[in-house]
Amino acid sequence: MPARSVLPVIATATLTAVAVLTGCTSTKPSASGGTGLELVKSGKLTTCTHLPYEPFQVRKDDAVVGFDVDLVDLVAKKLKVTQEIVDTPFEGIQSGEDLNARKCDLAAAGMTITPVRAKNLDFSVGYFDATQALIAKKDSSFTSLASLKGKKLGVQQGTTGETYAQKNAQGVTTVQFEDLALLLTAVKTGQVDAAVNDNGVLFEYVRKNPDTQVIAEFDTGEEYGIGVRTGNDALRKEIDTVIANAKSDGSYDRIYKKWFPAAPKK
């Protein structure tokens, strides 16, 4: 695998201090390298994400790596700054609270573009096609949501998978988990009979955990987007340009092949 850049991660314990500091200086944020953009920290493009969400973002040794990380690194390179990552609860990301508090410049967290979220923050163009999928143990007899009637279905809090389950999983008991790691552990240990989440992360998990399987996919037509504070058109346009260029010059394909075993999705 190609060498990965080591990115600094702000520990959860320091987030309050960071928020206070950025709140004090948000009226005079730092400009990026020659672009005229205003950033939370000088020389940094600060990214809010929620770990783990492999292969989009996950901590490996002393670094946070993943598909989203590499894509945002392209944005940072264009702005002539370096990326810095803040691990924060997903609710603060999708609500726009973290962006409004100047905790970060952008949010990249495998986040589906939805009308509700678009009221709280502005999205880049879509950069990844996604859909919902169902995961269970390899030896299970489940084949669909309907086959789980009377059983326990795991969902991740605040996600489109949870919303899909609430609307379509009739007669099941949904069990809520804070993050993906806890959700998938619950499947492995039998705390739940199956779980629903985005197909990209589930297929990657199954590839590394052959005692599990994706038993169904649901065509929800979702797209991931990178979020910015409402009205931050300057940064949003830069991100859109980078995504378009990456798809035309081969950078997107290269990053996709690095993190996924399948061919790149356009």
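Scroll up for the structure.
The text that follows walks through the structure, step by step, so that each part is easy to find. (Residues numbered from 1 in each chain as written. Predicted model: local features only at pLDDT ≥ 70, side-chain atom pairs only at ≥ 80, totals over all residues. Heavy atoms only, no water.)

**A short note on the packing of aromatic side chains**
Next, step 1: The final tally for this structure, using the stated rule, is 17 aromatic pairs.
Next, step 2: Between the aromatic rings of phenylalanine 67 and phenylalanine 260, the centroid separation amounts to 5.7 Å while the plane-to-plane angle is 70°, which identifies the pairing as edge-to-face. Here phenylalanine 260 lies in the segment after helix H10 (251-259) and phenylalanine 67 lies in helix H2 (residues 67-79), a separation of 193 residues in the sequence. Taken individually, phenylalanine 67 and phenylalanine 260 each receive the classification buried, so the pair is uniform in this respect.
Next, step 3: Arranged with centres 5.5 Å apart and planes meeting at 20°, the rings of phenylalanine 128 and tyrosine 224 form a pair that is stacked. Of this pair, phenylalanine 128 sits in strand S10 (residues 128-137) while tyrosine 224 sits in strand S14 (residues 212-224); the two residues are 96 residues apart in sequence, bridging distant segments of the chain. (Phe/Tyr/Trp six-rings, centres within 6.5 Å; stacked < 30°, edge-to-face > 60°. Helix = DSSP H or I, 4+ residues; strand = E, 2+ residues; numbered from the N terminus. Buried < 20%, exposed > 50% of the residue type's maximum accessible area, 1.4 Å probe, protein only.)

**A closer look at the nonpolar core**
Nonpolar side chains in soluble globular proteins generally cluster together in the buried interior.
Next, step 1: In terms of nonpolar packing, the biggest core is built from 48 residues, with Leu45, Phe67, Leu106 and Phe128 touching the most fellow members.
Next, step 2: Elements that contribute at least two residues to this core include exactly strand S6 (63-65), H2, S10, helix H7 (180-189), helix H8 (199-208), S14, helix H9 (233-249) and H10.
Next, step 3: Looking at which element gives the most residues to this core, the answer is H2, with 6 residues.
Next, step 4: The residues contacting leucine 45, other than those within four sequence positions of it, are Leu39, Val72, Val75, Ala76, Leu79, Val81, Thr82, Gln83, Glu84, Asp105, Leu106 and Leu235.
Next, step 5: Ala136, Leu153, Val155 and Ala165 belong to the second-largest nonpolar core, a separate cluster that totals 15 residues. (Core = buried A, V, L, I, M, F, W, Y, C linked by side-chain atoms within 4.5 Å. Contact = heavy atoms within 4.5 Å.)

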